[in-house]
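An overview of the molecular structure
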Amino acid sequence: MLLPIYFFTLVGAYKYGIRVGLLTAVLSPLINSLLFGMPPAAALPVIVTKSVVLACAAAWIARRSGKASLLALLCVVIVYQLVGGCAEWAITGQLSSALQDWQIGYPGMIIQVVGGYLVINHLLHN
């Protein structure tokens with residue numbers, strides 16, 4: 001519901017670029033799964049795919065906008081949810097799975113936009 005696994009990918013890619021974003025996108029879910037069992041191994045293909053899409057979208061929009069604004073971060077979240085949702089649908093074959101983030105994950109999306117804005121702008125000024 002809160003989509004925490006994506007937050008650091010968003011911040012890393014937006015602040016430090018595509019390389020850091022992709023490293024975070026791939027390593028964060030894998031290490032969490034190995035150490036804590038979450039996310040479950042069966043969910044890793046979808047989560048890593050969505051994380052990679054998020055890293056690409058965040059790095060691209062950050063490079064184009066030059067600053068972290070609420071609108072830019074909202075665009076990042078919408079892009080990765082739309083593209084990632086399509087990828088999830090293709091991977092799982094279930095539209096309901098692809099729509100789940102929109103149905104129950106909207107609090108996490110709000111946290112990504114607002115929290116990402118606050119963290120990125122704090123990091124940019126320090």
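Just above sits the structure.
Residues numbered from 1 in each chain as written. Predicted model: local features only at pLDDT ≥ 70, side-chain atom pairs only at ≥ 80, totals over all residues. Heavy atoms only, no water.

**Some words on the nonpolar core**
Residues Y6, Y14, V76 and Y80 are the most contacted members of the largest nonpolar core, which totals 27 residues. For this core, the secondary-structure elements that each account for two or more residues are α1 (4–16), α3 (44–65), α4 (70–92) and α6 (106–124). In terms of residue count, the dominant contributor to this core is α3 (nine residues). Apart from the residues lying within four places of it in its own chain, the contact partners of Y6 are I47, K50, S51, L54, Y80 and Q112. (Core = buried A, V, L, I, M, F, W, Y, C linked by side-chain atoms within 4.5 Å. Buried < 20%, exposed > 50% of the residue type's maximum accessible area, 1.4 Å probe, protein only. Helix = DSSP H or I, 4+ residues; strand = E, 2+ residues; numbered from the N terminus. Contact = heavy atoms within 4.5 Å.)

**Re the packing of aromatic side chains**
Within this structure, the stated rule accounts for two aromatic pairs. Plain terms: the ring middles of Y6 and Y80 are 5.4 Å apart, the flat faces sit at 50° to each other, and that makes the pair tilted. Here Y6, found in helix α1, pairs with Y80, found in helix α4; they are 74 residues apart in sequence, far enough to count as distant. Just as Y6 is buried, Y80 falls in that class too. Taking the centre distance of 5.6 Å and the plane angle of 85° together, the rings of F7 and F8 count as edge-to-face. (Phe/Tyr/Trp six-rings, centres within 6.5 Å; stacked < 30°, edge-to-face > 60°.)

**Some words on the pattern of salt bridges**
Oppositely charged side chains can pair when the atoms bearing their charge come close. Tallying each qualifying case throughout the model produces two salt bridges. Of the charged contacts in the structure, one is a salt bridge between K50 and E88, with a shortest N-O distance of 3.2 Å. Of this pair, K50 sits in helix α3 while E88 sits in helix α4, and the two are 38 residues apart along the sequence. Where K50 meets D101, a salt bridge forms, and the shortest distance between an N and an O atom there is 2.5 Å. Placement of the pair is K50 in helix α3 and D101 in helix α5 (residues 95–104), with a sequence separation of 51 residues. Considered together, K50 and D101 belong to a single accessibility category, that of buried residues. (Salt bridge = Lys/Arg side-chain N within 4 Å of Asp/Glu carboxyl O.)

**Focus on the layout of surface pockets**
For the largest pocket, the calculated volume is near 480 Å³. Lining the largest pocket are 19 residues, with L3, Y6, P39, I47 and D101 sitting closest to its centre. Counting only elements with at least two residues in the lining of the largest pocket, the list comes to α1, α3 and α5. The biggest single contributor to the lining of the largest pocket is α5, with four residues. Class assignment for the residues of the lining of the largest pocket results in 13 nonpolar, three polar and three charged. (1 Å grid on protein atoms, 1.4 Å probe; cavity = no way out; pocket = protein on both sides within 12 Å on 5 of 7 lines; lining within 4 Å. Points joined across faces, edges and corners; volume = space filled by probe spheres on them. Nonpolar A, V, L, I, M, F, W, Y, C, P; charged D, E, K, R; others polar.)

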